[in-house]
Protein chains: 2
Amino acid sequence: MEYSTIIAVDAMGGDLAPVEMVKGAVDALNDRKDIQVRLFGDKEKIEAELAKYTYNADQVVITHTTEEISCDESPAVAIKKKKDSSLVVALKAVKDGECDAIVSAGSSGAILVGGQVIVGKCKGIKRAPLAPLVPTEKGVSLLIDCGANVDARPEHLLQFAQMGSVYMEHIVGIQDPKVAIVNIGAEEAKGNALVKETYPLLKACPNIHFIGSIEARDIPKGGADVIVTEAFVGNVILKLEEGLASTLLSVVKQGMMATTRGKIGGLLVKPALKEALKMFDTAEYGGAPLLGLKGLVVKIHGSSTSKEMHNAILQCVSFKEARINERIMEYLAPAKEV
Amino acid sequence: MEYSTIIAVDAMGGDLAPVEMVKGAVDALNDRKDIQVRLFGDKEKIEAELAKYTYNADQVVITHTTEEISCDESPAVAIKKKKDSSLVVALKAVKDGECDAIVSAGSSGAILVGGQVIVGKCKGIKRAPLAPLVPTEKGVSLLIDCGANVDARPEHLLQFAQMGSVYMEHIVGIQDPKVAIVNIGAEEAKGNALVKETYPLLKACPNIHFIGSIEARDIPKGGADVIVTEAFVGNVILKLEEGLASTLLSVVKQGMMATTRGKIGGLLVKPALKEALKMFDTAEYGGAPLLGLKGLVVKIHGSSTSKEMHNAILQCVSFKEARINERIMEYLAPAKEV
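Residues numbered from 1 in each chain as written. Chains lettered and ligands numbered in written order. Predicted model: local features only at pLDDT ≥ 70, side-chain atom pairs only at ≥ 80, totals over all residues. Heavy atoms only, no water.

### Quick notes on the sheet that holds strand β9 (residues 226-228) of chain A
Residue and element names in this part refer to chain A. Quick reminder of the rule: We treat two strands as partners when DSSP finds at least two bridges between them. Here a helix means four or more residues in a row that DSSP labels H or I, a strand means two or more in a row labelled E, and each is numbered from the N terminus. Angles here are taken between N-to-C directions and fall from 0 to 180 degrees, while the axes themselves are lines fitted to C-alpha atoms, restricted in helices to the stretch in contact.
Pairing within the open sheet is mixed, and its 5 strands lie in the order β5-β6-β9-β7-β8. Sheet topology places β5 (133-135) and β8 (209-214) at the edges, where each strand pairs with a single neighbour. The mean angle between the axes of side-by-side strands here comes to 30°, regardless of whether they run parallel or antiparallel. In this structure, β5 lies alongside strand β6 (residues 140-144), joined through 3 bridges in antiparallel fashion. Bridging across to β6, Val134 finds its partner in Ser141.

So, in structure tokens, the structure goes:
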């Protein structure tokens, strides 16, 4: 059978691998009968997990690998040395066109380095940004770049804005997505050297809907659909959101548990709270794609469960169906002349 | 009478000026009989406010000014042109040694520019950072720099670490405060060019307790006492904390109000919630000092009430009593040889 999308899954990457990775893959297969998943990792362990579920065996291929990359080792060295690691072999399958995409919950550094080194950037792409969806009051925004390549130049940020616009329009379904650059004030004259140089490029770019600067306080309010920033700042934003949300909730919980009255009230508000906070659960939004590569590389959180893997695989299918890479190429064509 | 500390108050700066500014000043005077407050602004309006309260008239001096600086005008131009604005005249009083400190809720840009241009930096200080206290699970941390001077150099960050350590030890009372640099990973090799160059300087500095990198997710957890970063990133962290806290709380509230059960529970948890969230109320922690100037300049939020003004004035008294500027000078002396 011809499959619409073939997704490589790094079955050994992540805190809960291979258990949750295999479960997530099976869940995705049972959702979509037209896709195939290739599981890379320890064959015996993977088969033991697969044996727990009912699924169409034709949709699964296992590729046995003998090594694993841990989060403690140098990404660049690991990618080079561990040639039989689940991640490296899976990335090669994407590079060779055997798979359309790869999802991994393994070492972030190794995924970012491996994506660029093994899969490789599309022609004309200067940098491959990591672009997670972040929850907001209004839905989600794409935060681009949160990756490992810091000290970006203005022309990189311009491409991020374009790639991010394509993604938000065709994967998330936002018409004419609003693009803003992270800044420390709303005025055009504000900012550091990078922002001041990037601002006019974004303003002059014909195929994005640039709305100007966004201050960090307006990001959770959903002030723009595509939030452009260089990787250091993007990473700080992403991790602070995670950290602050968990700290605030633990403080609220402690406050409620401190009194009997609070405990009773806490039980009553629990379902409502849970529903409200679901919107801040990043697991709902699949993984973070590394954009601009010859195939799709999706990074999910190290602590991901089957739910994240499941959603990320479906995200890969949408990516292929929406021809994101082809669209990015079309989008960037006029910009090259700038 | 000889006053222990004389504080200039910009009575016209802030959304709620002069009402809340004058009230905050009176509250501080009634706390401390050994201080004097000089109120700068429209004499008639200030007197009308003062008439509402009981206080020792000797402790108050009014200096009439005829202009005000708004948040919409260019800070540099406003500071230069509006020579009879409450902010400029008050800053000059600090420069001339008539006052020890100034508190203003006015235009942030004008306070930052005016502080550096009018009051002036202490000898040897390369940059004056804005250093607000940010709430954490464990108490507060000093986030230094959140100011307007972006694109800092490594030697600036080193001084920030030293000044921040003095402040946390002598104003907040933390013995041997832990200093960390904001980074996108915990390893020494990670980071952008600025962080990589600053790291070894901090590591080699003998008079700070440097613990290495801090990822943004650990800032709300209280991972370090002095959080060193350049102003662009610091500003993003500060504003994202404000924005995310308010968004999360509004989402939680909406969730509770959506059902009858949630509404009843909400009423029950309210006091506990309020108590728990008090720790995230920045008004509790006074204002943000601009460190390294010849006098103390304290910026409070534009929407500040009398509570912020009151706390900020008391903070100025502590600053003077603890001889922070003298201590900073002693601290920096060995570093100059580095």
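Having put the structure on the table, let's press on.
### Some details on the relation of the copies chain B and chain A
Defined as follows: Only residues with pLDDT of at least 70 in both copies contribute their C-alpha atoms to the least-squares superposition of the copies. Contacts: residue pairs with any heavy atoms within 4.5 Å of one another.
Rotating chain B by 179° and translating it 0.0 Å along the rotation axis places it on chain A, where the RMSD comes to 0.1 Å. These values place the two chain copies in the arrangement generated by a two-fold rotation axis. Across chain B, the smallest distance between a C-alpha and the rotation axis is recorded for B:Gly265, namely 2.0 Å. A shared interface surface links the copies, since 100% of the contact residues of chain B are contact residues in chain A too.

### Re the side chain of B:Ser141
Residue and element names in this part refer to chain B. Threshold: For this analysis, a polar contact is any N or O atom pair within 3.5 Å, provided that within protein one partner can donate a hydrogen and the other can accept it, and provided that sequence-adjacent residues contribute only side-chain to side-chain pairs.
Structurally, Ser141 is set in strand β6 (residues 139-144). Looking at Ser141, its side chain comes within polar contact range of the main-chain oxygen of Ala224, at 2.7 Å. Other than its neighbours up to four places away in sequence, Ser141 contacts Pro132, Leu133, Val134, Thr136, Met168, Gly222, Ala224, Asp225 and Ile227.

### With respect to unusual backbone geometry
Residue and element names in this part refer to chain A. As a reminder of what qualifies: Burial status follows relative accessibility: with a 1.4 Å probe on protein chains alone, a residue under 20% of its type maximum counts as buried, one over 50% as exposed, and anything between as partly exposed.
Looking along the chain, the bond that leaves Ala17 and enters Pro18 is cis, with omega of -5°. Mapped onto the elements of the fold, Pro18 is located in the loop between β1 (5-10) and α1 (19-31). For Asp151, which is not glycine, the phi dihedral falls at a positive 55°. By the secondary structure assignment, Asp151 is in the loop between β6 and α6 (154-172). By relative accessible area, which is 40% here, Asp151 ends up partly exposed.

### So, the packing of aromatic side chains
All names here are of chain B. For clarity, the cut-off: Ring geometry is summarised as follows: Phe, Tyr and Trp rings, the Trp one being its six-membered ring, pair when their centres sit within 6.5 Å, and such pairs are stacked at plane angles under 30 degrees, edge-to-face over 60 and tilted between the two.
Under the counting rule described, the total for this entry stands at 4 aromatic pairs over all chains. A ring pair is formed by Tyr167 and Phe319, whose centres lie 6.2 Å apart and whose planes are at 50°; its orientation type is tilted. Here Tyr167 is found in helix α6 (residues 154-172), whereas its partner Phe319 is found in helix α10 (residues 306-321), with 152 residues between them in sequence. Judged on exposure class, the residue Tyr167 and its partner Phe319 are both buried. Taken together, a centroid distance of 5.1 Å and an interplanar angle of 80° make the contact between Tyr199 and Phe210 edge-to-face. Here Phe210 lies in strand β8 (residues 209-215) and Tyr199 lies in helix α7 (residues 193-204), a separation of 11 residues in the sequence. The same class applies to Tyr199 as to Phe210, namely buried.

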